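What follows is the residue order along each chain.
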There are 2 protein chains.
Amino acid sequence: MSEIPSEKILTMMEELLNVASDYTRLKILYVIMDEDKSVSTIVEEVGASQSLVSHQLKVLKKANLVTTHKEGTKVYYKLADDHVNSLLKVVQEHAEE
Amino acid sequence: MSEIPSEKILTMMEELLNVASDYTRLKILYVIMDEDKSVSTIVEEVGASQSLVSHQLKVLKKANLVTTHKEGTKVYYKLADDHVNSLLKVVQEHAEE
DNA sequence: TTGAAATATGAACAAACATTCATATAATAA
DNA sequence: TTATTATATGAATGTTTGTTCATATTTCAA
């Protein structure tokens, strides 16, 4: 007897899934999964343009999937919490079958 | 040391998340979560137009998130497998905090 | 065979979005 | 200050997509 979540919860779920459902952002999330990394490192490892990565990092941050801290001129991004990990794991398992 | 999934896997993950990341489709998935239901029942319980529900059911089916069987004029939809449940659970938990 | 009920489909449209390009801002070093 | 490195931002654009409206198809009963 699972209930349908409230409109508010459903909307929040929709937003989270929307943010996660982009190739570039998925790749970013994996790149910073184990340790926080600077934007320039993320740009290298993701293999996308600096502008695109910066735009998408902003999307991820606005949705609270990542947090940041600054060191000098560099900005380090990391996953916000463990839910993001769980989400990626479940989706990856589904995809790998 | 989590590896970045292959391009193919990432694309599949992107597609799954995309399909899940819509308000109407999320609601449909919850409506048929416990038992399979006919389109007309889904339309009622979701509270969207028949056309919209039908279109979105098609999207869900194409992505293999749901399966169908026919009884007379009615078509019954149900969740394809348990991954869908797990995915919704993880996302819902994230949203509820 | 007509009619009604259930479901699917196609066109049309506005809104959302990913990406690129050019440029701005911030921090530091020389 | 000036130059350089790191990051962010804004405009522009082409594509995708959610929704509606109208209509088609299927199934079965009368």
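What comes next is a walk through the structure. (Residues numbered from 1 in each chain as written. Chains lettered and ligands numbered in written order. Predicted model: local features only at pLDDT ≥ 70, side-chain atom pairs only at ≥ 80, totals over all residues. Heavy atoms only, no water.)

**Here's the deal with the sheet that holds strand β1 (residues 37-38) of chain A**
Residues and elements named next belong to chain A.
Then comes step 1: In space, the 3 strands of this open sheet follow the order β1-β3-β2, with antiparallel pairing throughout. If you trace the sheet from one side to the other, it starts and ends with β1 and β2 (66-71), each paired once.
Then comes step 2: Judged from the 6 bridges that link them, β2 and strand β3 (residues 74-79) form a sheet pairing that is antiparallel. The residue bridging lysine 70 from the neighbouring strand is valine 75, located in β3. (Pairing = 2+ DSSP bridges. Helix = DSSP H or I, 4+ residues; strand = E, 2+ residues; numbered from the N terminus.)

**Things to note about the interface of chain A and chain B**
Then comes step 1: Of the residues lining the interface, 39 residues belong to chain A; the matching set on chain B comes to 39 residues.
Then comes step 2: Three residues, Tyr23(A), His83(A) and His94(A), lead the burial of chain A against chain B; their summed loss comes to 18% of the area buried on that side.
Then comes step 3: Inspection of the chain A/chain B interface yields 0 salt bridges.
Then comes step 4: Viewed at the interface, chain B and chain A are joined by 6 residue pairs in polar contact (both at pLDDT 80 or more). (Contact = heavy atoms within 4.5 Å. Buried area = accessible area lost by both parts, 1.4 Å probe. Salt bridge = Lys/Arg side-chain N within 4 Å of Asp/Glu carboxyl O. Polar contact = N/O pair within 3.5 Å; in protein donor to acceptor, adjacent residues only side chain to side chain.)

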